[in-house]
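# Remarks on the overall topology
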Amino acid sequence: MAGEPQTDCLFCKIAAGEVPADVLRETETTVAFRDINPQAPTHVLVIPKAHYRDAAALAAAEPALTADILREAGEVAAEEKVVGTGYRIVFNTGSGAGQTVFHAHAHVLGGRGLNWPPG
Ligand code: 5GP
Ligand code: ZN
């Protein structure tokens, strides 16, 4: 069923507390934790607890949950004090765009200069 936990999914395991992570924030529907391989001083992942393969699948199935992710990304940016200098919310979608974990997640990147367009 859509959104059900997948036994072989790393981020489902993090959401369930079965794999440890440096968790900054948790809500009823989301978890925010630091990326294990940070690409910026602030590099936090915000995930839905429900499993969807990517942001588009999440948005198609659960618009309110998609909004939860974006709101939490903003809360993370505020807690990390990167709102003033600017930050980026990234959803890599598909392996060609660098997606390696197929459980929807927003990267929140900040604390350094961010080039545009991204590589
Ligand atoms: P993607 O490449 O799919 O857009 O992003 C996946 C992200 O998950 C990568 O930035 C990677 O560093 C991060 N990641 C992979 N495995 C783990 C893990 O076990 N713990 C944490 N905290 N991050 C992970
Ligand atoms: Zn999952």
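Just so it is clear, the model here is predicted, and its values are computed rather than measured.

Parameters and conventions
Residues numbered from 1 in each chain as written. Chains lettered and ligands numbered in written order. Predicted model: local features only at pLDDT ≥ 70, side-chain atom pairs only at ≥ 80, totals over all residues. Heavy atoms only, no water. Near = heavy atom within 4 Å. Areas by Shrake-Rupley, 256 points an atom, 1.4 Å probe, with all protein chains shown as cover. Helix = DSSP H or I, 4+ residues; strand = E, 2+ residues; numbered from the N terminus. Nonpolar A, V, L, I, M, F, W, Y, C, P; charged D, E, K, R; others polar. Buried < 20%, exposed > 50% of the residue type's maximum accessible area, 1.4 Å probe, protein only. Pairing = 2+ DSSP bridges. Donors = N, O, S within 2.8 Å, 3.2 Å for Na, K, Ca; no water. Tetrahedral: all angles 85-135°; square planar, octahedral: opposite > 155°, others 65-115°. Polar contact = N/O pair within 3.5 Å; in protein donor to acceptor, adjacent residues only side chain to side chain. Contact = heavy atoms within 4.5 Å.

## Structural notes on the site of ligand 1
Taken together, the neighbourhood of ligand 1 is formed by 16 residues, with Arg34, Asp35, Gly98, Thr100 and His107 sitting nearest. Burial of ligand 1 by the protein amounts to 83% of the accessible area it has alone, namely 520 Å². Elements that contribute at least two residues to the shell around ligand 1 include exactly helix 1 (10-15) and strand 2 (30-34). Top contributing element to the shell around ligand 1 by residue count: helix 1, with 3 residues. Taken together, the residues of the shell around ligand 1 break down into 7 nonpolar, 7 polar and 2 charged.

## Some thoughts on the pairing of strand 5 (residues 106-110)
Taking burial as the measure, the 5 residues of strand 5 include 5 buried ones, the bulk of the element. Along strand 5, one buried face is formed by Ala106, Val108 and Gly110 and the opposite face, lined by His107 and Leu109, is buried too. Pairing of strand 3 (residues 42-48) with strand 5, which is carried by 5 bridges, proceeds in the antiparallel orientation. Along strand 5, the bridge assignment pairs valine 44 with valine 108. As paired elements, strand 4 (residues 87-90) and strand 5 share 4 bridges and run antiparallel to each other. Bridged to arginine 88 within strand 5 is leucine 109.

## Overview of the coordination of the zinc ion (ligand 2)
Protein coordination of the zinc ion (ligand 2) is provided by Cys9 (SG), Cys12 (SG), His51 (ND1) and His103 (ND1), with donor distances spanning 2.1 to 2.3 Å. Seen from the zinc ion (ligand 2), its 4 donor atoms lie at angles of 106 to 115°, and the figure they make is tetrahedral. Counting gaps between the donor residues of the zinc ion (ligand 2) yields the pattern C-x2-C-x38-H-x51-H. Placement of the pair is cysteine 12 in helix 1 and histidine 51 in the loop between strand 3 and helix 2 (55-61), with a sequence separation of 39 residues. For the pair shown, cysteine 12 and histidine 51 are each scored as buried.

## Section: the side chain of threonine 42
In this fold, threonine 42 is placed in strand 3. Within the structure, threonine 42 has its side chain in polar contact with the side chain of glutamate 80 (distance 2.9 Å).

## Description of the environment of valine 82
Take valine 82: it is sitting in the loop between helix 3 (63-79) and strand 4. A C-alpha to C-alpha distance of 20 Å links valine 82 and alanine 67, two positions 15 residues apart in sequence. Ignoring sequence-local partners within four residues, the contact set of valine 82 consists of Thr42, Ala77, Tyr87, Gly110 and Gly111.

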